[in-house]
Amino acid sequence: MKTPYYLLDIQKLDSNLNGLTSALEKYWSNSQISYSFKTNNLPWLLNWMKKNNVFAEVVSTPEYELAEYIGYSTSQIIFNGPYKGNETLLRAIKGNSIVNLDSFEEIEFLLNNVNQFRHLPRVGLRINFDLESKCPGETIPAEESGRFGFNVENGDFEKAVNKLKNSKIQIVGIHGHHSTRTKSLGVFHAITTQICECASLIDALEYIDLGGCFFGDKPGAPSFEKYLETISNVLHKNNIPSSVKLYLEPGAALVASPFSYICSVIAKKKIKDTTFVYTDGSMKHIAPQMSQIKFSYSRTTRSEHIVPRQVVSGYTCIEMDRFLDLDNQLELVSGDLITIQNTGAYTISLAPLFIEYFPAVYVKDGDLLKQVRKPWTTEQFVQNNIID
Ligand SMILES: *Cc1c(COP(=O)(O)O)cnc(C)c1O
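Note that the structure is predicted; figures quoted are calculated from it, not measured. Every residue gets a number counted from 1 within its own chain, in the order that chain's sequence is written. For this predicted model, a pLDDT threshold of at least 70 governs which residues receive local features, and a threshold of 80 or more governs which side-chain atom pairs are given and counted, while totals over whole chains, interfaces and linings are taken from all residues. Each side-chain value is worked out from all heavy atoms of the structure, with water and hydrogens disregarded.

A. Main features of the packing of aromatic side chains. Paired rings are identified among Phe, Tyr and Trp, the last through its six-membered ring, by centres lying within 6.5 Å, and are further divided according to the angle between planes into stacked (under 30 degrees), edge-to-face (over 60) and tilted (the rest). Evaluated as defined, the whole model comprises twelve aromatic pairs. When the centroid spacing of 6.2 Å and the interplanar angle of 55° are considered together, the rings of phenylalanine 37 and tyrosine 72 count as tilted. Residue phenylalanine 37 is found in the loop between strand E2 (31-36) and helix H2 (43-51), and its partner tyrosine 72 is found in the loop between helix H3 (61-70) and strand E4 (77-79); the two are separated by 35 residues along the sequence. Three exposure classes are used, based on accessible area relative to the maximum for each residue type with a 1.4 Å probe and protein chains only: buried under 20%, partly exposed in between, and exposed over 50%. Overall, phenylalanine 37 belongs to the buried group, its relative accessible area being 1%. The way it works is that DSSP assigns letters per residue, a run of H or I at least four long becomes a helix, a run of E at least two long becomes a strand, and they are numbered from the N terminus.

Here is the structure:
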């Protein structure tokens, strides 16, 4: 098989989804998993999610249209995000999608267009609150404020509720997704607690949406059971009835671990004490934001010779496209294969068309191997361009 390519292990994907499904069954069976498209938007994967009764979670017009292209009915789409596009926002509400509003502009737009709806439009509100003060050091913006949703502390959330209360639009849900550094149980305790507080302002609450940013099967991380136990304890303590539906929007927890990325050694050079190992892969495919991550990997080699230091690097002309730093390990030689593990989240959806095109993707089902994306060629690259 021509390298580089991504490999999706369907058994691992299955077991991640089953783990989350059974935790939900046990702790809050009135629930629905909705997959975050942006985490990995490989069309084959999106269709697999649909076939496995997972809803679509999208945050833009193109993602909304992609969900429809895959065959999702509009009522199986959760529509979030700060830029939905007005046309699509209207279409989503008319089509009974689960729509979580993010700004007063969206509220005003809907109030101005309320005559367009044949049935009572139903929406959720995304909340914004000071999570950092409850979980110090755990949030991504840290001392800065989060930027999504209606802020609770400055009164915006209550203002949004009141604006809609005496209107022809009904609030039926609260959305509380927060990306955090830690993905801890404490974070989900804090988010669920805040949602329950906000819920007291809503007359006809039908759902609570906790968003994503869970760990999946990472060793040592909280299990799906622990997350759901924490969440359901808070819901019960706050007397949220079981008729309220719980939505989760996992991305990475489902798809990070089932993917790996395989590339080949193509050349070597020794400069001072370092042996540079060149591959046909790149950091751009496994950590497109070039963040320093320690990658889990495996490799084949035919050599029995130990080398003091080997730095494995990519095909780009970026100096720091270096992804493994190996001390006192068996020598890598041309033709050896290197496999980087856990490459399913924020890789395929974020990889650029920089120097090389998108690589192939294969799905492994037991002993069966199937190509689900051909590598891009110049033909795909120039599509939609006017050259002359
Ligand atoms: C990104 C995102 C998710 C998924 O996040 P993961 O960390 O991949 O689980 C879910 N919901 C919303 C609103 C998001 O923006």
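That covers the picture; the talk isn't over yet.
B. Summary view of the pattern of salt bridges. Criterion for a salt bridge: a side-chain nitrogen of Lys or Arg within 4 Å of a carboxyl oxygen of Asp or Glu. All told, the structure shown has ten salt bridges when counted by the stated rule. Close ionic contact of glutamate 106 with lysine 84 constitutes a salt bridge, the shortest N to O distance being 3.1 Å. With glutamate 106 in helix H5 (residues 104-112) and lysine 84 in the loop between E4 and helix H4 (86-94), this pair connects stretches of sequence that are 22 residues apart. Lysine 84 matches glutamate 106 in its accessibility class, with the two residues each being buried.

C. Expanded view of the pairing of strand E18 (residues 368-373). Two strands form a pair only when DSSP identifies at least two bridges running between them. The pairing of strand E17 (residues 360-365) with E18 spans five bridges and is antiparallel. Its bridge partner being in E18, valine 361 is matched across the sheet by arginine 373. Linking E17 to E18, which pair antiparallel, is a turn of two residues; within it glycine 366 sits at a positive phi near 65°.

D. Representation of the pairing of strand E5 (residues 98-101) within the structure. Of the two faces of E5, the one holding Ile98 and Asn100 and the one holding Val99 and Leu101 are both buried throughout. One ladder, built from two bridges, connects E4 with E5; its direction is parallel. Note that in E5 the partner of phenylalanine 79 across the bridge is valine 99. Note on handedness: a clockwise path from strand one over the helix to strand two, with the strands aimed away from the viewer, defines a right-handed crossover. As for the winding sense of the linkage, the β-α-β connection from E4 through H4 to E5 is right-handed. Of the strand pairs in this sheet, E5 and strand E6 (residues 122-128) are connected by two bridges, and their pairing is parallel. Looking at the pairing, asparagine 100 lines up with glycine 124 of E6. Handedness of the E5-H5-E6 crossover: right-handed.

Limitation: the analysis is restricted to geometry and does not speak to function.
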